[in-house]
Each structure stands twice: as structure tokens, then as C-alpha cells.
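# Understanding the architecture of this molecule
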Amino acid sequence: MFQNKTDFKRDFVKRVEEKYGRSLEQSHVSERYMILGDMVRDYASIHWKGNKEEIAKKGDKQMYYFSMEFLIGRLMTNNLQNLGIYSTVKEGLNDLGIDLHELELLESDAGLGNGGLGRLAACFLDSLASMALPGHGVCLRYEYGLFKQLIVNGAQVEVPDQWMKLGNVWEIRKPKHGVDVKFWGRVEMRKDEKGRVIFDHVDAEHVRAIPYDMPVVGKDTQTTNTLRLWGAEASDILPKHKDFRVYINEVNEITQNVYPDDSTEHGRYLRLKQQYFFVSAGLQSLVKAHLRVYPDLSNFHEKIAIQMNDTHPILVIPELMRILMDQFAYSWEEAWDITSKTVAYTNHTVLAEALEKWPVNFVQQLLPRIYMIIEEINNRFIHELRQLRPNNDGLVYQLAIIKDGQIHMAHLGVVASFSVNGVARLHTEILKSDVMKEFYEVYPSKFNNKTNGITHRRWLTYTNPQLHELITDLIGDKYVYEPSKLEELLPYAKKATVQKKFLKIKQERKAILAAKLKEWTRVDVDPTSIFDVQAKRLHAYKRQLLNVLNIMNLVFEIDSNPEFTMHPRTYIFAAKAAPGYYFAKKVIRLIHAVADKVNNNPKYSQFFKVVFIPNYNVSVAEYLMNGADVSEQISTAGKEASGTGNMKFMMNGALTLGTLDGANVEIDELVGRDYTVIFGLSVEEVNELKKGGYNAFEEVNKQPRLKAVMESLLTNFWSDSTDEFRAIYDEVMYRNDEYLLAADFEAYRLAQLEVEKRYLDQKYWAEMCLVNIAKSGFFSSDRTIEQYANEIWKIKPIH
């Protein structure tokens, strides 16, 4: 492998000639990108073998993070930086007349997820490798991402996200490690010669799972971990009673794209198939690897920790039980002891509708042996519960894993796991006091908090080089390895010279973002305006609608007040709505209707513009986070588990405008109320309001501004059709404003005025931003991973 620029240039030219049979001058830019990807992957792979041998030799424990999502974004720049060869490669390519940036832009964002769940998982992988901890990812190899979002006539249109058009240069296909996963069929019972009951899964449909391994490299470490993606292929054992072409189509569907539409029975079966497929393949692979080092599985839990990221991988529990009992003849008690000491569960939601449930008949038919095991876990849990809480049938019903014809996956996760964690302090407290209160009373020692974190290397060091340079000039670069060192910036927050330098950097990042906004949306924005950003999945509880209603109110204020004035502001939205989520799609349509009204009329656009960035992804976020002035975190208190976008904005010096929800609570406590703008109802006030009989009609009617805005939705002011936005009106007025937009509207309006007041005092604004940056090291995923490693997984650095 190349050691210097000269070696790199020689190897690069040679590889182009050998692989494509043409000279460097004749090669296509995509061929150059593929060669560079191969070279970087091979460089990253140097330590793969050594790490595995070291772990086996020392008997180290490893952690496997099972997740349906890993939003890793583009990896070229990240890998070059982490490996410490960015300058060597950039200069070498420059000598050859090649622009590295041009090659970087050819890489697509990996379509391995949807939102914060997957971005968190990706940050964790970076921190694990950078801290030399043996931790790996397990996921599906989706052929297509969730979808590519287009905006046509102001409405979201979904088209396939073909992220692998050029292949995936980082992966290595490993067919020798393939395993079969079984679906359908039936279970037959018999006794062996020792009188043990044997469960045979017969007439099953086999699907071959093939692993594709991607190296995960840390910053300046010799550690290379693995992200293993499972692809689905036809098995050598073909189904007896199904047409071959139908079988092939069904196999291909399994890894076609993330979160297939589950509005149909076929779609729901497909989602369940996906979940079991990657769980079963991943576990079979782990068991085989374990047995290559150890004689049996009795110490499996001592050498392996499995973290289940949300409820999607919960089938790890019955599948590990199945493998231990059916394939290796462990008794139920032995298998349960191993399983319950191996698996840990992270909960990501307090929304009841988001806690996954599967119809009993679905699991019975698709996974007959797995259902039998879940049923037995449920029966034994109920027996245990009756002993712990006698004469309490209500509690037994409430906590049952199987009830009302459904399997409650979160309940299964809590019962079987040795650790159950929330992802922000408030979220964990809500789990313990409300959503999982009874489980907490039964298993108090299982519950703990692990506040989410982000990799500061990607979201600050690499994507905001100007800010990194300022920080390094002030306190050195130790923060790259020890994010808590960022706190050494605090004494500089009040220094005028540092404030001026920061504001200059922020303006430079805003100019870069403004150019990108022009490229993405064809809208010219004023880079000296306040960049007010709300970027997150579109959902009612995240309250993008509250933001829009406030902008609509500004339009009416301009119309009614000839003396109106405000500092110029650019309202920036970025969000995808789930394909079947009608209300969310209507909010996107409303944002564009308001943008059309505002941006095309100087009467309004002299004060503000509205911009919607289509197809929000990691690469877009890398520009957006460091160009923002204001971070909109305005979900209804008690609904957002944590959030990680709030942390990325904070780390790049944006002011948090938010409710006391999720990790906003910890941000507010860390920096102090002088350095955030917090508004709206608290969790306790939300609960009290709902208990007292909240009435949306009354709330709207007592606020003239809001009443006018709401009534305008039923006119042709924003659209040619008076019915265009009726669904939004009905959501607030006739569904009783579930997420309390009306109750928080006035407080939000006043909070926006407070933001402007602070922005106009640029010295104070710079001080606020610098304090936020200084305190943001708390939200590094390095800190989060250190807590997981020490308190839950019990893993230690390899080197």
C-alpha cells in the first residue's frame, strides 16, 4: 500500500491501466472515482485482519449494533481524513491533473436509512472505531434508498433513490460466509434418542443471505471495524410449491428498499421479512464466528453484546433462543440465560403508535418456530409476573407481550434485555414515569439513560474547516480526539477579537450555503439575513406547521401595517414526508404555497424569503448545519425522544429556538437560558392542559392573529382552490390540535421576536454562539459510546 505521494500516483495510474485497459488520460471520471475508492478501501483494510486476530488472541468482548438504518452519507472524504491521507491523495491527484473534489461529488449518499435513527447509528460506528473499541454494525444492503424527493408544482413526488448506480466501492462481497434464512412452512415435533423434543421447520422457503462488508475506520487509530450489510439471493434449496419466477421476485424484494409501504398486507409481510432476514443472518454469522474461536456457546454472552436499535431488530431475541435450543441443544433455561445476558434494547419513541406491533397470524405463518418461542416467552413472563404481583390481572394484561391478537415488540425487548435505555434524560424519565411505568416498577435496574451524540469529527472538524481552524488557533486540535476540550473555548466567548473572527467565519459559511440554496432551489437569498433552519423528518409532532403559521402571520402583518419592519430573514425548510402520510405532504405543499406568495412579491421578500430544500440527506446537512443562525427545535414537549440535529446545529454555533423537549432540555441546562431561546408549554403543562379538556376552537378564537391565519387556509389566498389546505385546517380544528400548535402559537411568535432582538446585538450573538460551541462536546458520540461501552457492553479498546 502507498506510503507517500509518489507511491500513490504510481499505484493510481497502474490500477487504472490494469482494470480498465486504458491510459489515465483516456479514463473516464467515474473510472477514476472507482479506482480511488478501491485504493482507499484497501488502505482501510490493512488493520482488518490484525484486529480480528488480536481480539481472538486476547478473548476480547465485541459489540454488534443491529439496526435497520445506518445513514453513513458519503465516505470518501471521511475515510481519507480519518486515515490521515487526505493531503497525500489530494496533492497526488492534483499532480496528475485530477480534482479530488470532482471525484468526491460522484459518490452518492448511501441509501441505508431514513432519518435520525440511522444517522445516530453511523455516528456510533465512527466513535467506536476512533476510540479503538471493537463494535460493528449489522444491517440490510438496500438496493434503493427510502426515495429521492422531487418537488413538482409545490408537491412532493417520490422517485427511486438509485444510490448504487456506480456500485458501492466500499463493500466486499463474501459469499463464503453466506447463510440460509427460512420463511413460511410449518413446525413438526419429534423426540430424539435421548427423549428430547426436536422442532423441525419443514417445507420452509429458503433465502440465501450474502454478507457485504464495509470497513469502518477511526480517526488516527489502527482499528478497523465492520459494517456488515446483508443481501438477499436465491438459495440452492428451491421452494417446491412456488413458481421460480415468483420466488425470485420475492427474494429480490427483501433488500429492494428501506421501509417498504406497509399500507397493504403484502407490504407488512415484507417489512417483517426484512426484519427477520437481517436478524437471522446476522446471528447465524456471529455464532459461526464465535465457534471458530471457542468450543461452544456457553460463554457467548461473555464475548458478545448485541444492542438492538429500536424495535426493528427485536426478533434477535427469539432467533437467538431458536439457534441455541434447536441447533445446539441448549435447554430453555440455558438459552434464556445466555440470551438475556447478551441483548440490550434502545427505545427511541414515546409515541404509542410508533411502538411496533405485529399481528399474531403474520408471525405464525411467516415465522412459525419464532412464534412458538415468543409465545413461550410470554407465558413464562406472565407466570413470573403473577408471582411478583399476585391478584393483579390488569397489570398482567397491560404488560403482556401477546394480547389482542398482536405481539408487542417493545414489551418483548424489555422482558428479554438486560438493559433498556432512553436517548435523552427527559425521554428516559417519560419512559419510567409514563410510557413504560409499570415495566420500570417491575424491572427498575434495567432502565438507564444514554443521551444521544454526534460525531464531532464529521459535523465540525471535516465539514466546517473554517471553524476548525479558529478553534485550533485558540485551543489546539486535541478536541478532535477529546471533545470535552471544546470547553476550553469558554474564556474566549466574550473576547471581541474572537467574536469578530467567528462572525466572519459564520458569514463565509452562510455565503457557501446561499450558493448551494441557489443550486438546489433556484432561489436567491440574502446571505446577510438571519438563516432560520428547520431540517428534520416531516411529522405533525415536529410542528413544521407551527413555523409556517408564524410566517403566514408575518404576511398578514405586512399587509395590515404600513410601518412594519424586521431584520431580513431566510426561513429554510428541509424535510421528507412518508409516502403515505397525507397531512405531512399537505404541509410541504403549504410551505411552497407560502414561498410562492412571499418570494415573488417584493412587498414581502424585502423582509424575508422561504426556501424548501428537496431531497434532504446527509450531504445537504453538511452544508446546512454550519450555515444556520437559528436551529428550530419546536416539537410538542414530551414527544421528541432526543433529536440529533439540535446537537449538530449547536456544535456549529447556531442558537437553539426550541421547546423543553428531547435533548433541548440538556442543551438549555448546559449553556443556560441566556444562550438559548426557549418557549412554550412544558411536559407537565401539556399533560395538565390535556387533562383539563383542551379545546382547539376556543384556543384559536381567542387569538386574533392565529384565527386569521387559520381561516385563510379555507380561502384562495394561498391557493386557487379553497379546499387545497382544508386537511390542515381540519387537523387543528376538528382533530382538536393534538400537538397543541394553537396553545404554543403566541409564545412562539414572541420567541421569534426575541431571536431577532438578540441577533441585532452582534457581540452578544457571537458570545451565545461561541458558548454553544464550547459546551457542545457533551453531545459528542464519543461520550455516549464511552458510557455504553463501560456501563452496558463492557468492551475495552483493542489497542
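Not measured: the values here are computed from a predicted model. (Residues numbered from 1 in each chain as written. Predicted model: local features only at pLDDT ≥ 70, side-chain atom pairs only at ≥ 80, totals over all residues. Heavy atoms only, no water.)

Reading across from one edge, S13-S15-S14 is the order of the three strands in this open sheet, with antiparallel pairing throughout. Taken across any chain shown, the strands that pair with only one partner, and hence form the sheet edges, are strand S13 (357-359) and strand S14 (402-403). In the packing of helix H16 (residues 409-416) onto the sheet, contacts are made with S13, S14 and strand S15 (406-408), and the angle to S15 comes to roughly 45 degrees. (Pairing = 2+ DSSP bridges. Helix = DSSP H or I, 4+ residues; strand = E, 2+ residues; numbered from the N terminus. Contact = heavy atoms within 4.5 Å. Axes fitted to C-alpha atoms, helices over the stretch in contact; angles between N-to-C directions.)

Of note, Ser263 is situated in the loop between helix H8 (244-254) and helix H9 (265-291). Using a relative accessible area of 58% as the deciding quantity, one classes Ser263 as exposed. Among the polar contacts listed, one links the side chain of Ser263 to the side chain of Asp261, at a separation of 2.9 Å. (Buried < 20%, exposed > 50% of the residue type's maximum accessible area, 1.4 Å probe, protein only. Polar contact = N/O pair within 3.5 Å; in protein donor to acceptor, adjacent residues only side chain to side chain.)

Moving on: the packing of helix H11 (residues 316-327) against helix H14 (residues 368-388). As a packed pair, H11 and H14 sit with axes 9 Å apart at the nearest point and diverge in direction by 105 degrees. One element, H11, and the other, H14, form an angle in the roughly perpendicular class. In contact with Ile317, Pro318, Glu319, Met321, Arg322, Met325 and Asp326 of H11, H14 contributes Arg369, Ile370, Ile373, Ile374 and Ile377. Along the lines of polarity and charge, the residues of the contact of H11 with H14 split into eight nonpolar, no polar and four charged. (Parallel < 35°, antiparallel > 145°, perpendicular 65-115°, else oblique. Nonpolar A, V, L, I, M, F, W, Y, C, P; charged D, E, K, R; others polar.)

A word on the sheet that holds strand S18 (residues 530-535). The six strands are arranged S20-S19-S18-S21-S22-S23 in an open sheet whose pairing can be described as parallel. On the outer flanks of this sheet lie strand S20 (608-613) and strand S23 (677-678), each paired with one strand and no other. Pairing of S18 with strand S21 (residues 630-633), which is carried by two bridges, proceeds in the parallel orientation. The partner of Asp532 across the bridge, within S21, is Val630. Across the face of the sheet, helix H21 (residues 496-521) comes into contact with S18, strand S19 (569-574) and S20 while running at roughly 65 degrees to S20. Contacting S18, S19, S21, strand S22 (655-658) and S23, helix H32 (residues 741-760) crosses the sheet at an angle of about 165 degrees to S22.

Turning our attention to the pattern of salt bridges. Two side chains carrying opposite charge are able to pair once their charged atoms lie near each other. Counting across every chain of the model gives 61 salt bridges. Between Lys542 and Glu640 there is a salt bridge whose closest N-O contact spans 2.8 Å. Here Glu640 lies in the loop between S21 and helix H26 (645-651) and Lys542 lies in the loop between S18 and helix H22 (544-560), a separation of 98 residues in the sequence. Residue Glu640 is classed as buried on the basis of its relative accessible area, which comes to 14%. (Salt bridge = Lys/Arg side-chain N within 4 Å of Asp/Glu carboxyl O.)

Moving on, we get to the packing of H32 against helix H33 (residues 762-775). Contact geometry of H32 with H33 gives a least axis separation of 5 Å together with a crossing angle of 105 degrees. Judged on the interaxial angle alone, H33 and H32 are roughly perpendicular. Touching Val755, Arg758, Tyr759 and Leu760 of H32 are Gln762, Tyr764, Trp765 and Met768, all from H33. Grouping the amino acids of the contact of H32 with H33 by side-chain chemistry returns six nonpolar, one polar and one charged.

Alternating residues of S21 divide into Val630 and Glu632 and Ser631 and Gln633, and every residue in both groups is buried. Where S21 lies against S22, four bridges are found, and the strand directions are parallel. Counterpart to Gln633 in the pairing with S22 is Gly658. Considered for its hand, the β-α-β crossover made up of S21, H26 and S22 is right-handed. (Right-handed = clockwise from strand over helix to strand, strands pointing away.)

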